[in-house]
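Next come the chains, spelled out residue by residue.
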Amino acid sequence: MMKFRKMCSSRGFTLIELLIVMIILGLLAALVGPKLFKKVGFSKQKAAEAQIALFESALDAYRLDVGKYPSTEEGLKALRQNPGYETWDGPYLPKDIPKDPWGHDYVYKCPGEHGEYDLYSLGADGQEGGEGENADIVSWK
């Protein structure tokens with residue numbers, strides 16, 4: 001009878017042991033989770049900066065061919081579809097114009113207030129200004 005009792009007790013975990021492990025995992029997630037979410041916001045900002053840099057290169061190639069940057073009305077679509085210029089040699093981007101990492105359209109204005117054109121993302125909140133993840137990602141800085 002002792003052998004049977006010893007075998008049964010060493011086969012699994014008790015409910016209390018499982019609860020303790022779950023509490024420890026919950027505490028670890030509560031401590032580590034917020035730090036990981038900050039990294040997600042930072043990486044979205046870096047992705048927006050990289051996309052804006054790609055647009056800037058495409059806009060420069062467009063300007064070399066056409067002789068001017070696309071107007072505000074033509075927008076970034078002119079990098080993919082010829083707005084009617086004979087010297088257009090695009091498409092200047094390999095894929096369709098992506099939205100920013102937060103799902104908003106990039107803002108393009110030509111002529112711009114800060115240079116020949118202004119190109120920017122409105123950040124996580126989709127509104128001008130803001131701080132942190134809500135800050136605008138701009139081409140002129």
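Residues numbered from 1 in each chain as written. Predicted model: local features only at pLDDT ≥ 70, side-chain atom pairs only at ≥ 80, totals over all residues. Heavy atoms only, no water.

1. Digging into the overall build of the protein
Alright, step 1. The secondary structure content of the protein amounts to two helices and three strands.
Alright, step 2. Along the protein, helices and strands appear, N-terminal first, in the series α-α-β-β-β.
Alright, step 3. Counting the 141 residues in the protein, one finds 27% classified as buried.
Alright, step 4. Considering only residue pairs separated by 6 or more positions, the protein has 39% of its internal contacts joining residues 24 or more positions apart.
Alright, step 5. In the structure as shown, the protein presents an accessible area of about 10200 Å², 61% of it carried by carbon and sulfur atoms. (Helix = DSSP H or I, 4+ residues; strand = E, 2+ residues; numbered from the N terminus. Buried < 20%, exposed > 50% of the residue type's maximum accessible area, 1.4 Å probe, protein only. Contact = heavy atoms within 4.5 Å. Areas by Shrake-Rupley, 256 points an atom, 1.4 Å probe, with all protein chains shown as cover.)

2. Focus on the sheet that holds strand 2 (residues 118–121)
Alright, step 1. Sheet architecture is open: three strands sit in the order 1-2-3, paired in antiparallel fashion. Strand pairing shows two members of the sheet lacking a second neighbour, strand 1 (107–109) and strand 3 (137–138), which therefore form its edges.
Alright, step 2. Relative to strand 3, strand 2 runs antiparallel, the two sharing two bridges. Paired with Tyr120 across the two strands is Val138, which belongs to strand 3. (Pairing = 2+ DSSP bridges.)

3. Remarks on the packing of aromatic side chains
Alright, step 1. By the definition in use, this model includes six aromatic pairs.
Alright, step 2. Aromatic pair Trp88 and Tyr92: ring centres 5.6 Å apart, planes at 90 degrees, arrangement edge-to-face.
Alright, step 3. Look at Tyr92 and you get buried, because its relative accessible area is 14%.
Alright, step 4. Through pairs of rings, three or more aromatic residues link up here, namely Tyr62, Trp88 and Tyr92. (Phe/Tyr/Trp six-rings, centres within 6.5 Å; stacked < 30°, edge-to-face > 60°.)

4. A word on the nonpolar core
Alright, step 1. If you look at the biggest cluster of nonpolar residues, it comprises 21 residues, and the most contacted ones within it are Leu59, Leu76, Leu79, Tyr108 and Leu119.
Alright, step 2. Here this core gets seven residues from one element, more than from any other, and that element is helix 2 (residues 15–66).
Alright, step 3. Non-local contacts of Leu76, meaning those with residues more than four positions away in its chain, are made with Phe55, Leu59, Ile97, Tyr106, Tyr108 and Leu119. (Core = buried A, V, L, I, M, F, W, Y, C linked by side-chain atoms within 4.5 Å.)

5. Topic: the side chain of Asp118
Alright, step 1. Following the sequence through the fold, Asp118 ends up in strand 2.
Alright, step 2. Of note is the side chain of Asp118, whose polar atom sits 2.8 Å from the backbone nitrogen of Glu113.
Alright, step 3. In this structure the side chain of Asp118 is engaged in a polar contact, spanning 3.1 Å, whose partner is the backbone nitrogen of His114.
Alright, step 4. The contact partners of Asp118, leaving out residues within four places of it in the chain, are Val107, Tyr108, Lys109, Gly112, Glu113, Ser139 and Trp140. (Polar contact = N/O pair within 3.5 Å; in protein donor to acceptor, adjacent residues only side chain to side chain.)

6. Re a nonpolar patch on the surface
Alright, step 1. A contiguous nonpolar surface patch, about 580 Å² in accessible area, is contributed by Ile16, Ile20, Val21, Ile24, Leu25 and Leu28.
Alright, step 2. You can see Leu28 is positioned in helix 2. (Patch = residues over 30% accessible without salt bridge, like charges linked within 9 Å, V, L, I, M, F, W, Y side chains within 5 Å. Salt bridge = Lys/Arg side-chain N within 4 Å of Asp/Glu carboxyl O.)

7. Things to note about the confidence of the model for the protein
Alright, step 1. Per-residue confidence for the protein gives a mean pLDDT of 86; residues scoring 70 or more make up 89%.
Alright, step 2. When pLDDT is averaged over each element of the protein, strand 1 comes out on top at 96 and helix 1 (residues 2–9) at the bottom at 52. (pLDDT = per-residue confidence, 0-100.)

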